[in-house]
Amino acid sequence: RFEPCTNVTAEVYLRAYLSPCINDCGIYGQCKLLRTNNYLYAACECKAGWNGWGCTDNAEAFSYGFQLLSTLLLCLSNVMFVPPVAIAVRSHYLLEAAVYIFTMFFSTFYHACDQPGIVVFCIMDYDVLQFCDFLGSLMSVWVTVIAMARLQPVVKQARVLYLLGAMLLSMALQMDRHGLWNLLGPSLFALGIMAIAWTARTIRRRHCYPPTWKRWAFYLCPGALIAAAAVLLYAFVETEENYFYIHSIWHLLIAGSVGFLLPPRAKPSGRLGPLPRRKGCGYQLCVNEQEELGLVDPAVASINSICTS
């Protein structure tokens, strides 16, 4: 039985603590903090269709199969860079091929690490993968347009532009990685360099450059249209809801445009270099360049074919 008690004391222990987000938002969310003036706000940013204060409401959550499909689309779409790599190697554009391989590798593993939910695979720190993916994408556009300009015969140190582009793009990405002008700015600058080089070559030759209509009809125009479609999708169509398949299409279009726009291998000039001079006494055989190229009639060629060393 219970009996009434008097003069009874009890000790109560109270422990209070603060947590910015419920259960740290779980595996389907990320805790975000916002500081304004003297106030600090916290909330969960849920992904993969999960909702609720702690991202625990799975009424609209994506299934495991859907998450796996989106990850595979974003990763395997980078295989489209294999044909541009093969074309670059075949045309002796080894620097461009190295940039394409770099882009394909880091884009694949960045998207494997960037996925929400449980279908995630990270080989490096997320920030490192993101920076390398963005830098590789911008460098792929840069080196392709510079290669199209064919500056080497005009500017002896044209390779400096590749290093300059890498440094400027790295600076721009550190300032704002998601800015649209990070893509449009370098692309327009490189296109300006290419336009100047093509115009100068057209004026010097007094003929449109590139000179063949087949190059325009079957390579340059299709490649430019594909690249323009990719930029429009990236700038105006891509959202968080359609990211996984629109961005996969972006991978396919950008890699496909590179395969069309990359110029063919430069043909050798055909000029003969100077003959090596032998040490000591004797005679040196001198070759008349015009006669060697068949531009002079052998019957009237000068006798200055043998020179004293």
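Each value, and the rule that gives it
Residues numbered from 1 in each chain as written. Predicted model: local features only at pLDDT ≥ 70, side-chain atom pairs only at ≥ 80, totals over all residues. Heavy atoms only, no water. Core = buried A, V, L, I, M, F, W, Y, C linked by side-chain atoms within 4.5 Å. Buried < 20%, exposed > 50% of the residue type's maximum accessible area, 1.4 Å probe, protein only. Helix = DSSP H or I, 4+ residues; strand = E, 2+ residues; numbered from the N terminus. Contact = heavy atoms within 4.5 Å. Disulfide = S-S within 2.5 Å. UniProt positions renumbered as here; feature names shortened; annotations may be inferred. Phe/Tyr/Trp six-rings, centres within 6.5 Å; stacked < 30°, edge-to-face > 60°. Lys NZ or Arg CZ within 6 Å of the ring centre and 35° of its normal.

1. Topic: the nonpolar core
Right, so step 1: Of all hydrophobic cores here, the largest spans 44 residues; its most connected members are Y100, M139, W142, V143 and I146.
Right, so step 2: Listed by contribution, the elements that provide at least two residues to this core are α2 (82–90), α3 (94–114), α4 (126–149), α5 (160–175), α6 (181–205), α7 (213–237) and α8 (243–261).
Right, so step 3: For this core, the element with the most residues is α4, which contributes 14 residues.
Right, so step 4: Residues within four places of W142 in sequence aside, it is in contact with L161, Y162, G165, L169, P186, F189 and A190.

2. Re the state of the cysteines
Put plainly, two cysteines are in a disulfide when a covalent bond ties their sulfur atoms together.
Right, so step 1: One pass over the structure, following the stated rule, counts 4 disulfides.
Right, so step 2: One disulfide in the model links C21 with C31; its S-S distance is 2.0 Å. Because the torsion about its S-S bond is 75°, the bridge between C21 and C31 counts as right-handed. Here C21, found in the segment before β1 (29–36), pairs with C31, found in strand β1; they are 10 residues apart in sequence, far enough to count as distant.
Right, so step 3: Shown here is the disulfide that connects C46 with C55, its sulfur atoms set 2.1 Å apart. Between C46 and C55, the disulfide has an S-S torsion of -95° and is therefore left-handed.

3. Here we look at the UniProt feature "transmembrane region" (unreviewed entry) in the chain
Right, so step 1: The residues that UniProt annotates with the feature "transmembrane region" (unreviewed entry) are residues 61–81, 93–112, 128–148, 183–204, 216–237 and 243–262.
Right, so step 2: Taken end to end, residues 128–148 has its terminal C-alpha atoms 30 Å apart, with 100% of it in helix and 0% in strand.
Right, so step 3: Counted over residues 216–237, helix gives 100% and strand 0%. Its end C-alpha atoms are 28 Å apart.

4. With respect to the packing of aromatic side chains
Right, so step 1: Tallied over the entire structure, the rule returns 15 aromatic pairs.
Right, so step 2: Pairing F109 with F121 gives two aromatic rings, centres 6.4 Å apart and planes at 50°, and the pair type is tilted. With F109 in helix α3 and F121 in the loop between α3 and α4, this pair connects stretches of sequence that are 12 residues apart.
Right, so step 3: Classification of F121 by relative accessible area gives partly exposed; the value is 48%.
Right, so step 4: Between the aromatic rings of W142 and F189, the centroid separation amounts to 5.9 Å while the plane-to-plane angle is 10°, which identifies the pairing as stacked. Linking W142 in helix α4 with F189 in helix α6, this pair joins segments that are 47 residues apart in sequence.
Right, so step 5: Among the aromatic residues, ring-to-ring pairing joins F102, F105, F106, F109 and F121 into one connected group.
Right, so step 6: Over the ring of Y209 we find R201, and its NZ or CZ is 4.7 Å from the ring centre.

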